[in-house]
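The residues making up each chain are set out below.
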Amino acid sequence: MMRACAPLLAAALLVPRAARGTPPSLPCGPAGLKRAVALRLRRPLTWSARTLRLDSAILDIAHRAGIPVSIVSVAPVPQAKIPAGRLTPAALLGELAAAAPGYSWRRRGGVAWFTYGPLRRRRQNFLNWRLPRVRLAGPVGLFLPQLTELTAASPSLPGAMVIAGPTLPGLGCQLPRRTLEHVMVRRVLSLAMRSAPQFSSVVVFPRLPRTRGDAMGGLASWRWIPLAQAPAPPIPGVSASSHPGGGT
């Protein structure tokens, strides 16, 4: 029996606060999600000139546009310049990707995916691991810490029981009851984000992962930011030893 990693996330997740001008929340469930996100990506917004770390810049876009984004990057995360003026979120994401070597973005299934290319098919990218069995159920804010622990345990403890803490603030959409077998973590994340389009997912690997320890370092960094929450400063870098089982 394992304890969930809620303490690890507590420092990164604050009670959401909606900013003036933030779009209304997307409804729970995938119905109409692709169309709603496509429209929000094409709606011009006014931006002020700023320089931010790339993941913070993308989270700011996700917050202001009200679209769920998955970010997978590697340290050191590059700096990004947001230009002043009116741009659509899609155009701005394209500019950020073009300015950050190795990064690209795409919209798929109502979610914007912003990824460092060399990580996409990397064996020790934990998002590519297959889980023997996953049960989707309950609020997404309760499920996500469970998913982290199941990923850390796999495949040595495929039937591990997970005790999770309270539901993460602002993530109350209910997941459809569904059991998945031999499924990639990436696929589970996609299903969760489409069923509960309330948050963005952020992973920062401490380096390009070559070992299980590197994978665990990325897993330890995994955090979920409600779309209603203005992005906070990036959390400090993590090492492979930051997560149980993070040895080489």
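Some words on the side chain of Asp60
So, step 1. Examined against the element boundaries, Asp60 turns out to sit in helix H3 (residues 54-65).
So, step 2. The contacts of Asp60, once residues within four sequence positions are left out, are Trp47, Arg50, Ile82 and Pro231.

Looking at the environment of Leu119
So, step 1. If you trace the backbone, Leu119 turns up in the loop between strand S8 (111-116) and strand S9 (130-136).
So, step 2. In this structure the C-alpha to C-alpha distance between Leu119 and Leu208, which are 89 residues apart in sequence, comes to 7.1 Å.
So, step 3. Every residue in contact with Leu119, bar those within four places of it in the chain, is listed here: Val72, Ser73, Val74, Asn125, Asn128, Phe205, Leu208 and Pro209.

Section: the pattern of salt bridges
So, step 1. Per the stated rule, a full pass over the model turns up five salt bridges.
So, step 2. Residue Arg50 pairs with Asp60 through a salt bridge whose shortest N-O separation is 2.4 Å. Of the two residues, Arg50 sits in strand S3 (residues 50-53) while Asp60 sits in helix H3, which places them 10 residues apart along the sequence.
So, step 3. The partly exposed category is assigned to Arg50, whose relative accessible area is 33%.
So, step 4. Asp60 sits in the buried class, given a relative accessible area of 8%.
So, step 5. As a salt-bridge pair, Arg133 and Glu181 come within 2.5 Å of each other at their nearest N and O atoms. Of this pair, Arg133 sits in strand S9 while Glu181 sits in strand S11 (residues 178-184), placing them 48 residues apart in sequence.
So, step 6. Classification of Glu181 as exposed rests on a relative accessible area of 53%.
So, step 7. One salt-bridge network, in which partners are shared between bridges, spans Arg53, Asp55 and Arg223.

Some words on the nonpolar core
So, step 1. Counting residues in hydrophobic clusters, the biggest one holds 69 residues, and the most contacted among them are Leu54, Phe126 and Trp222.
So, step 2. The greatest single-element share of this core, amounting to seven residues, is contributed by H3.

Digging into the packing of aromatic side chains
So, step 1. Evaluated as defined, the whole model comprises five aromatic pairs.
So, step 2. Judged by centre distance (5.2 Å) and plane angle (50°), the rings of Phe126 and Trp222 are tilted. Of this pair, Phe126 sits in the loop between S8 and S9 while Trp222 sits in the loop between helix H7 (212-221) and strand S13 (223-226), and the two are 96 residues apart along the sequence.
So, step 3. A residue is classified by how much of its surface remains accessible, and Phe126, at 0% relative accessible area, is buried.
So, step 4. Using a relative accessible area of 1% as the deciding quantity, one classes Trp222 as buried.
So, step 5. Taken together, the ring pairs connect Phe126, Phe205, Trp222 and Trp224 into an aromatic cluster.
So, step 6. The ring of Trp47 has Arg64 lying over it, and the distance from NZ or CZ to the ring centre is 4.6 Å.

The rules behind each value
- Residues numbered from 1 in each chain as written.
- Predicted model: local features only at pLDDT ≥ 70, side-chain atom pairs only at ≥ 80, totals over all residues.
- Heavy atoms only, no water.
- Helix = DSSP H or I, 4+ residues; strand = E, 2+ residues; numbered from the N terminus.
- Contact = heavy atoms within 4.5 Å.
- Salt bridge = Lys/Arg side-chain N within 4 Å of Asp/Glu carboxyl O.
- Buried < 20%, exposed > 50% of the residue type's maximum accessible area, 1.4 Å probe, protein only.
- Core = buried A, V, L, I, M, F, W, Y, C linked by side-chain atoms within 4.5 Å.
- Phe/Tyr/Trp six-rings, centres within 6.5 Å; stacked < 30°, edge-to-face > 60°.
- Lys NZ or Arg CZ within 6 Å of the ring centre and 35° of its normal.

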